[in-house]
Amino acid sequence: MVCSLSRSRVPEPDKRISAGGVPRSLEQRPYDARVTIEDGRAKPSLLRRGLVAAAALVIVGTAAWWLLFRDGSPSPGPLAPDESGSIGITAWEHPGDFGFGHPIVVNTGDKPAILKRIRLVAPSAGLEVIAAQVAGSKRTFSGTSYTHEWPSKEFDDLYPVAGFTVAPASRRGWKRGVELVFRLRAKQIGNYEADAVAVEYTVDGTEYRTYLPIATRFCVVPPSAPINGEGDGDCGVPSGMNKPIDDPEA
C-alpha cells in the first residue's frame, strides 16, 4: 500500500495517526491531512508560516530484514523503527540549514541501549550533516518529520547522541522511544537524497547497528521560488525506496 503523508507533529498518542484515528501506515490520505491530538480528540494542527507541501510515501511490505543489510554487519539488536516497511520522505527546501526528525527508534529489549552514533546512509554529495542529536522521551511532539529552518522550536528535549541511554519501551515514559534529529545543509540548488538512517549502539558492551529504512529526497529550490511544490513539478520519489540498503561505511 502506498500512502501520501504530510509533515506530522503529534504529541499523543505515540504513533503518527490520521484524523480518522487510523495509523498513517495503513491509510491513504491526501497530503494535507495534518492533525494534532489534544485531550483525546483529533484537531487540525496550526500550520507554521512557510510550511511546504511535502509528502511521505509509506510502503508497508513483508520483505525479510536480511534483504536490507550487508553480510557481516553487526546484528540490528533491540532498537527498532516505530513504523514498519520502507518509508520515503520528500520535502521542498530553500538553500541553507533545515531540520530532519522523522526517524524514531524504540528499545524493544529489556536492557538499556547506549547510543554511539547516528548517520544518514549514502547521502548525496552536497548534503551536509552539520549536527545530529537525540530528542528524548520528554519531547513535546512524538515526531516532526522536517522543518525549514535551524534551530526550530519543534525539536526539544535535545541531547548529544554519544552516550545517550535509550531505556526499554516497557519502562514508564519510554513507550514512544526517541527521535533522531539531524541538522542538514544544502547550499546549492538541486535534489539531494539519503538511502536510510543507521543507528550504532551497544547493549551490555555488545556492538549493534540497526538500519531504519527511511529514504529521503530533499528538493532545494531558489530562495525566490515557493516551497510548497506547486508550479515547480513533482519532487519525486527517493531512489532508495524498496531496495536493499547498501551502506558504504559498513
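Above: the structure in question.
Residues numbered from 1 in each chain as written. Predicted model: local features only at pLDDT ≥ 70, side-chain atom pairs only at ≥ 80, totals over all residues. Heavy atoms only, no water.

Draft legend 1. Up close: the sheet that holds strand β9 (residues 113–121). Spatially, β13-β9-β16-β17 is the arrangement adopted by the 4 strands of the open sheet, whose pairing is antiparallel. Edge positions in the sheet fall to β13 (165–166) and β17 (206–212), since each of these pairs with one other strand and no more. (Pairing = 2+ DSSP bridges. Helix = DSSP H or I, 4+ residues; strand = E, 2+ residues; numbered from the N terminus.)

Draft legend 2. Spatial organisation of unusual backbone geometry. Across the junction of Trp150 and Pro151, the peptide omega takes the value 0 degrees, indicating a cis bond. Inspection of the secondary structure assignment puts Pro151 in the loop between β11 (146–147) and β12 (158–160).

Draft legend 3. Representation of the nonpolar core. Of all hydrophobic cores here, the largest spans 35 residues; its most connected members are Phe100, Leu115, Leu180 and Val199. Considering each element in turn, this core owes the most residues, 5 residues, to strand β14 (residues 178–186). In this view, Leu115 contacts Leu79, Val134, Val161, Ala162, Gly163, Phe164, Val166, Val199, Glu200 and Tyr201; residues no more than four positions away in its chain are not counted. By size, the runner-up hydrophobic cluster in this structure holds 6 residues, among which are Val221, Ala225, Ile227 and Cys235. (Core = buried A, V, L, I, M, F, W, Y, C linked by side-chain atoms within 4.5 Å. Buried < 20%, exposed > 50% of the residue type's maximum accessible area, 1.4 Å probe, protein only. Contact = heavy atoms within 4.5 Å.)

Draft legend 4. Region of interest: the pattern of salt bridges. One pass over the full model with this rule turns up 13 salt bridges. Residue Asp97 is joined to Arg185 by a salt bridge in which the shortest nitrogen-to-oxygen separation is 2.6 Å. Here Asp97, found in strand β7 (residues 96–100), pairs with Arg185, found in strand β14; they are 88 residues apart in sequence, far enough to count as distant. On the basis of relative accessibility, which here comes to 19%, the residue Asp97 falls in the buried class. For Arg119, the salt bridge identified is with Glu200, shortest N-O distance 3.0 Å. In this pair, Arg119 sits in strand β9 while Glu200 sits in strand β16 (residues 196–203), placing the two residues 81 residues apart along the sequence. Of the two residues, Arg119 and Glu200, neither departs from the other in class, the shared state being buried. Because the salt bridges share partners, they merge into one network encompassing Arg117, Arg119, Glu200, Arg209, Asp247 and Glu249. (Salt bridge = Lys/Arg side-chain N within 4 Å of Asp/Glu carboxyl O.)

Draft legend 5. Summary view of the packing of aromatic side chains. Evaluated as defined, the whole model comprises 7 aromatic pairs. Centre to centre, the rings of Phe98 and Phe218 are 5.1 Å apart; their planes meet at 50 degrees, and the pair counts as tilted. Of the two residues, Phe98 is situated in strand β7 and Phe218 in strand β18 (residues 214–220); the sequence distance between them amounts to 120 residues. Phe218 matches Phe98 in its accessibility class, with the two residues each being buried. (Phe/Tyr/Trp six-rings, centres within 6.5 Å; stacked < 30°, edge-to-face > 60°.)

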